[in-house]
Amino acid sequence: MKTNTKQFVTHVRNHLAEYGFTLHLGRGKRVNSGENWRAEGYFDAGAKCIKVGKSGVQWLETLVHEYAHFLQWLDSSDSLAEREDKAARIVQDYLHAGKGELNPTIVKAFHRVMLFERDAEMRAVKCIQKYKLNIEMSKYIKRANMYIYSHHINMILRKWNYKNSPYRSSKVI
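Cut-off values and rules
- Residues numbered from 1 in each chain as written.
- Predicted model: local features only at pLDDT ≥ 70, side-chain atom pairs only at ≥ 80, totals over all residues.
- Heavy atoms only, no water.
- Helix = DSSP H or I, 4+ residues; strand = E, 2+ residues; numbered from the N terminus.
- Buried < 20%, exposed > 50% of the residue type's maximum accessible area, 1.4 Å probe, protein only.
- Areas by Shrake-Rupley, 256 points an atom, 1.4 Å probe, with all protein chains shown as cover.
- Pairing = 2+ DSSP bridges.
- Axes fitted to C-alpha atoms, helices over the stretch in contact; angles between N-to-C directions.
- Contact = heavy atoms within 4.5 Å.
- Salt bridge = Lys/Arg side-chain N within 4 Å of Asp/Glu carboxyl O.
- Lys, Arg positive; Asp, Glu negative; His and termini not counted.
- Polar contact = N/O pair within 3.5 Å; in protein donor to acceptor, adjacent residues only side chain to side chain.

Peer 1: Could you give an account of the overall build of the chain, with specific residues and numbers?
Peer 2: Across its full length, the chain holds 5 helices and 5 strands. For the chain, the sequential pattern of α-helices and β-strands runs α-β-β-β-β-β-α-α-α-α. Scored against the burial criterion, the 173 residues of the chain give a buried share of 38%. When the accessible surface of the chain is split by element, carbon and sulfur atoms take 51% of a total near 10,600 Å².

Peer 1: Just give me the short version of the sheet that holds strand β4 (residues 41–44), but keep the residues and values in it.
Peer 2: One open sheet holds the 3 strands; their spatial order is β1-β5-β4, and the pairing between them is mixed. If you trace the sheet from one side to the other, it starts and ends with β1 (22–26) and β4, each paired once. Across the sheet, the axes of successive neighbouring strands diverge by a mean angle of 10 degrees, strand direction being ignored. Alignment of β1 against strand β5 (residues 49–53), held across 5 bridges, turns out to be parallel. By the bridge assignment, Leu25 is partnered in β5 with Val52. Sheet strands touched by helix α1 (residues 5–18): β1 and β5. Its angle to β1, the strand with the most contacts, is close to 140 degrees.

Peer 1: For the environment of Met122, give the residues involved together with the corresponding values.
Peer 2: Following the sequence through the fold, Met122 ends up in helix α4 (residues 104–130). With a relative accessible area of 43%, Met122 lands in the partly exposed category. With 22 residues separating them in the primary sequence, Met122 and Ala144 have C-alpha atoms 9.0 Å apart.

Peer 1: Would you mind going over the pattern of salt bridges in detail, with residue names and values included?
Peer 2: Scanning all chains against the criterion turns up 3 salt bridges. As a salt-bridge pair, Asp75 and Arg123 come within 2.7 Å of each other at their nearest N and O atoms. Here Asp75 is found in helix α2 (residues 59–75), whereas its partner Arg123 is found in helix α4, with 48 residues between them in sequence. Notably, a salt bridge pairs Arg112 with Glu84, separated by 3.3 Å at the nearest N-O pair. Taken together, the positions of Arg112 in helix α4 and Glu84 in helix α3 (residues 78–97) put the pair 28 residues apart, joining distant regions of the chain. For Arg112, a relative accessible area of 27% puts it in the partly exposed group. Each member of the salt-bridge network shares a partner with another, and the members are Asp75, Asp119 and Arg123.

Peer 1: Can you break down the side chain of Arg158 residue by residue, with the values?
Peer 2: Relative to the helices and strands, Arg158 resides in the segment after α5 (137–157). Of the side chains with opposite charge, Glu101 lies nearest to the buried Arg158, which makes no salt bridge, at 8.6 Å. In this structure the side chain of Arg158 is engaged in a polar contact, spanning 2.8 Å, whose partner is the backbone oxygen of Tyr94. Discounting residues that sit within four places of it in the chain, Arg158 has contacts with Tyr94, Leu95, Ala97, Gly98, Lys99, Gly100 and Ile153.

All quantities given are derived from atomic positions and should not be read as evidence of function.
The following block contains the structure:
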């Protein structure tokens, strides 16, 4: 028997609340980050929240992934979290700046982000199994692998295409 999605959302909301975090489910496909970009969902330890656009076809998968980032945060030390944040900022600056060359520091930051995302995806798979969510595991894993690999593509092409994401393409998957 599959766990009711509503029960999982309630679990996530309650677990977040234990640590002073909130869950925001937006009405659209994407949510505002407050930093001039939109995403299907994100986890923000500083703002103590998870935000997910609930109108997206795969909003539950996004919620599980962002919840996995929360679980990572719970398990990490302050220094590890700072290193992950620093790597993510380097990647974001590289992709959005439009100038500067790919250098060893940027490559290392991309690899660190990919490892962090891989860990989150592995945690997400465990959550899907544990809570018996109605998510097709083989497709989730293929999308997760493509998402992780897309960071490599983005590093090389210096482009992050949110609207035509390769991990949403059935042909690529």
